[in-house]
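Single-letter residue listing:
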Number of protein chains: 2
Amino acid sequence: MNATRPVGVRRHNLGLVLSHLAVTGPSSRAQIAAAVGLTKAGVSSIAADLIARRLVAEPGRRTAGEAGRPGSVLVVDGAGCAGIGLEVNVDYLAACVVDLARRTRFHRIDAAVDPRSPKRTLTRLAHVARQARDAATAQGLTVGGVGVALPGLVDPGTGVLLHAPNLGWHDVHVAPLLADALDVDAARVELDNEANLAASAELWFGDGGAWGDYLHVSGEIGVGAGIVRDGALARGSHGFAGEVGHLSIDPRGPVCGCGARGCVERYCGQEAILRAAGVDARPTTSTGRPDGSLARLLAALEAGRVRPARAVGRAGEALGRGVAGAVNVLDVDTVVLGGIYSRLAPWLVGPFTDSLRRNTFAVRWARTRVEVSRLGPDAAVRGAAGLTVHRVLTDPASLSPLVAG
Amino acid sequence: MNATRPVGVRRHNLGLVLSHLAVTGPSSRAQIAAAVGLTKAGVSSIAADLIARRLVAEPGRRTAGEAGRPGSVLVVDGAGCAGIGLEVNVDYLAACVVDLARRTRFHRIDAAVDPRSPKRTLTRLAHVARQARDAATAQGLTVGGVGVALPGLVDPGTGVLLHAPNLGWHDVHVAPLLADALDVDAARVELDNEANLAASAELWFGDGGAWGDYLHVSGEIGVGAGIVRDGALARGSHGFAGEVGHLSIDPRGPVCGCGARGCVERYCGQEAILRAAGVDARPTTSTGRPDGSLARLLAALEAGRVRPARAVGRAGEALGRGVAGAVNVLDVDTVVLGGIYSRLAPWLVGPFTDSLRRNTFAVRWARTRVEVSRLGPDAAVRGAAGLTVHRVLTDPASLSPLVAG
């Protein structure tokens, strides 16, 4: 019993030093000690532990037996742990590998086989996941876990996708199915909503640190949002916060897959925009996603065609009204446009911002900033990989390799 | 410098013991020690301090010099500190006094002189505030502060009401004006939005502790809401969260005082309901508020008249759509209907709940509970008084009497 507290403190300090190193980059033991408030001897001991775990490297140190030069710097050892990120969306599957230094080591987009069959889609996803794992192993990375981004309501506890109206999936046991196909324990496969993971990815890999409290709106076939407060995801009471796509903006609007009328998604989702723009929504190539249809829309916009530009402008106006509702309720510093909206930004941001401001009650006293995501449509799958990376950076002792290295 | 930490700890422990006593009721020193994790000697010392400050009483103790019976109980001394609560609304002013035992010692509703004149209204409010202060003093209460509930955006730092569209007030220096009239320092007058204070009042004086995370919707002339998470108000980045009344539910709806179209308030505010019900919205008596017009509406509803019942039902349906938007974004355990909605509950709750459920995306997996406030339209003014009471219960050393006792 007496040992509990010191072990807990040491475990905490491992995370303190490693996550500090991840944020600041190469640092000497003395610099770390000054920054995190530990003694230099304490940091040396923690660093030795992190080096032994292969989570930290000391580039100035030549061989295993030799001590580093005085003042030599420590860096996060990217290869020490990697996360696999997976994403299921209506018109594509995606996989990536992100290492502990937050570099993307593998990235693949795959056309979904048949979203109407969860089993076939997840079998295909497992195939892509094995490719990601092989790519990680081939690069000498230790895989620490698998995260999955899903376009719907998720129960992280059981690994079940409860409801994804645009996929037409209900109560799909995603984590057990994938774990089976990958021959790992189901507890090693973490699920989350794609919009939540995209919002977290902005914190971990993007510009999220500069935005204060923010609402990150992801445009895909569906429209979702993640809320970040005080540097962490605000999930709500059941993990279902941020369903901006199902704010009703017109009681006489079209019926949504969720049963309500006039949901934001019916005006601002990818298919609604393509339809209004007169662009064929069916992909003509087998490369899947942003490819086919979105690429055609972007080409039409760049060619200066009127109907597509007007369609995107109208979507921006409608999105601004819906997001203003969220801002009136939440009061955030920044609204971030992500997913396809980041690609459509040149045509979308103006009408969106005008509409947001017109419909935000406190706009004169708290002008919400509008930012465009640099991660764009890749945010969700990177966030899925980031679940493992973020966990190990804050709690290095939690790492247990998914496959023997 | 060495003394800083112990003084801080003692100050913290004063609040720990006093707020524990406020929650649990009469307790012996030993019971308190066991519950809050201090030694019995520590509690005795803290209790002696609180008794000296007249914030705690020991009913079993006969005279000042005599020691209490062994195991005699301690109670919060209600008279030790009282808060004055004030409220400005479009159709009434209110004032109350709440003591440290959270009993209401004074309560008065006053017809607003002329809401179009901030100066005359605040002069009248100061008059009512002086009556409250005199009532407190006559009852032997030590007044610790003044709180003011306002129907608009408030800057608590400067004591300025920024924007109250239903009053037509902008940039009114409420705290300095009231402080002047009461001859106290402006820092002693705290402002907050009425919906925020009503939500807090449910925590401090109502059933808020049993609701988990909740959204408290206050119906008055305007419609506002306060969000409570983890037992505390979630104010948003600038203190403007919860503006449910300005969620737009119809892009072709009537123009709102805020400039947007189809705001919830245009369908569900008191005037909108009275108009739809065919009830004269002008008070015929000088007693102000819920009386006049709301009383006539309630009488018509109780008499079984069709048009008023239909009007309230439609308001409930519209409110359900707006609040569903907030629930989709926030994900809370409970929605609480307060203000006039608590009075209209028998006719409102059914249509409201149906509409809320129909428009809440995650309803199958996270059914939001609907509760009706017991505090009703008095919640905001009690919350305003509660600002002082709550502050002194958690930090007894912060008490400095507003008037010499």
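Predicted, not measured: the structure shown is a model, and the values here were computed from it.

(A) Summary view of the interface of chain B and chain A. In this assembly, 44 residues from chain B lie in contact with 44 residues from chain A. Approximately 3600 Å² of surface area, both sides summed, lies buried where chain B meets chain A, with 61% of it carried by carbon and sulfur atoms. Contact with chain A buries area across many residues of chain B, yet Val 329, Phe 361 and Trp 365 of chain B alone supply 22% of it, more than any other trio. Summed over the shared surface of chain B and chain A, the number is four salt bridges. Between Asp 171 of chain B and Arg 364 of chain A there is a salt bridge; the shortest N-O distance is 3.6 Å. At the junction of chain B and chain A, the tally comes to 22 residue pairs in polar contact (both at pLDDT 80 or more). Among the secondary structure elements, those contributing two or more residues to the side of chain B that touches chain A are strand E9 (160-164), strand E10 (169-172), strand E13 (223-229) and helix H10 (306-330) of chain B. Sort the elements by how many residues they give to the side of chain B that touches chain A and H10 of chain B lands first, with six residues.

(B) How the structure looks around the pattern of salt bridges. Tallied over the entire structure, the rule returns 38 salt bridges over all chains. The salt bridge involving Glu 317 of chain A is made with Arg 321 of chain A; its shortest N-O contact spans 3.3 Å. In this pair, Glu 317 of chain A and Arg 321 of chain A both sit in helix H10 (residues 306-330), four residues apart, roughly one turn of the helix. For Glu 317 of chain A, a relative accessible area of 25% corresponds to the partly exposed category. With its nearest N and O atoms 3.0 Å apart, the salt bridge here joins Arg 120 of chain B to Asp 114 of chain B. Judged by its relative accessible area of 48%, Arg 120 of chain B falls in the partly exposed class. Residue Asp 114 of chain B is classed as buried on the basis of its relative accessible area of 13%. Salt bridges here are not isolated pairs; linked through shared partners, they connect Arg 10, Asp 49 and Arg 53 of chain A.

(C) Region of interest: the domain arrangement of chain A. Residue and element names in this part refer to chain A. Along its sequence, chain A is organised into domain 1 (4-76), domain 2 (80-197 + 380-398) and domain 3 (209-374). Here the C-alpha centre of domain 3 lies 24 Å away from the C-alpha centre of domain 2. Listed by partner, the interface residues are 16 residues for domain 2 and 22 residues for domain 3. Carbon and sulfur atoms supply 52% of the area buried between domain 2 and domain 3, which totals about 1600 Å² over both sides.

(D) Region of the structure containing the pairing of strand E5 (residues 93-99) of chain B. All names here are of chain B. Most of E5 sits out of view: seven of its seven residues are buried. Burial along E5 is two-sided: the face carrying Leu 93, Ala 95, Val 97 and Asp 99 and the face carrying Ala 94, Cys 96 and Val 98 are both buried. Where strand E4 (residues 82-88) lies against E5, seven bridges are found, and the strand directions are antiparallel. When the sheet's bridge partners are listed, Leu 86 is paired in E5 with Ala 95. If you look at the hairpin formed by E4 and E5, you'll find four residues sitting between the two strands. Inspection of the sheet shows E5 paired to strand E6 (residues 104-110) by six bridges, in the antiparallel sense.

(E) Geometry of the packing of H10 of chain A against helix H12 (residues 345-358) of chain A. All names here are of chain A. Packing of H10 against H12 brings their axes to within 7 Å, and their N-to-C directions diverge by 35 degrees. Judged by the twist between their axes, the crossing of H10 over H12 is right-handed. Across from Val 312, Gly 313, Ala 315, Gly 316, Glu 317, Leu 319, Gly 320, Arg 321, Val 323, Ala 324 and Val 327 in H10, the residues of H12 making contact are Trp 347, Leu 348, Pro 351, Phe 352, Ser 355, Leu 356 and Arg 358. Of the residues that constitute the contact of H10 with H12, the class distribution is eleven nonpolar, four polar and three charged.

(F) Layout of the confidence of the model for chain A. Residues and elements named next belong to chain A. Put simply, chain A has an average pLDDT of 91, and 92% of its residues get 70 or more. Looking at the elements of chain A, mean pLDDT is at its lowest for helix H1 (residues 4-24), recorded as 87, and at its highest for strand E16 (residues 369-372), recorded as 98. Low pLDDT, under 50, characterises residues 284-288; the predicted model gives this stretch seven contacts beyond four residues in sequence or across chains. Scoring the predicted complex yields pTM 0.91 and, for the interface, ipTM 0.91.

(G) Spatial organisation of the packing of aromatic side chains. Residues and elements named next belong to chain A. Applying the stated criterion across every chain yields a total of four aromatic pairs over all chains. Judged by centre distance (5.1 Å) and plane angle (90 degrees), the rings of Trp 211 and Tyr 214 are edge-to-face. Residue Tyr 214 is classed as buried on the basis of its relative accessible area of 0%.

(H) Representation of the pairing of strand E7 (residues 143-150) of chain B. Residues and elements named next belong to chain B. Burial of E7 is extensive: eight of the eight residues sit out of reach of the surface. When E4 meets E7, the two strands line up parallel, connected through six bridges. Within E7, the residue paired with Gly 85 across the bridge is Gly 147. Bridge count between E7 and strand E11 (residues 189-193): five bridges; the pairing is parallel. Bridged to Gly 147 within E11 is Glu 190.

Parameters and conventions
- Residues numbered from 1 in each chain as written.
- Chains lettered and ligands numbered in written order.
- Predicted model: local features only at pLDDT ≥ 70, side-chain atom pairs only at ≥ 80, totals over all residues.
- Heavy atoms only, no water.
- Contact = heavy atoms within 4.5 Å.
- Buried area = accessible area lost by both parts, 1.4 Å probe.
- Salt bridge = Lys/Arg side-chain N within 4 Å of Asp/Glu carboxyl O.
- Polar contact = N/O pair within 3.5 Å; in protein donor to acceptor, adjacent residues only side chain to side chain.
- Helix = DSSP H or I, 4+ residues; strand = E, 2+ residues; numbered from the N terminus.
- Buried < 20%, exposed > 50% of the residue type's maximum accessible area, 1.4 Å probe, protein only.
- Domains from an automatic or database assignment.
- Pairing = 2+ DSSP bridges.
- Axes fitted to C-alpha atoms, helices over the stretch in contact; angles between N-to-C directions.
- Left-handed = near helix turned anticlockwise from the far one by under 90°.
- Nonpolar A, V, L, I, M, F, W, Y, C, P; charged D, E, K, R; others polar.
- pLDDT = per-residue confidence, 0-100.
- Phe/Tyr/Trp six-rings, centres within 6.5 Å; stacked < 30°, edge-to-face > 60°.

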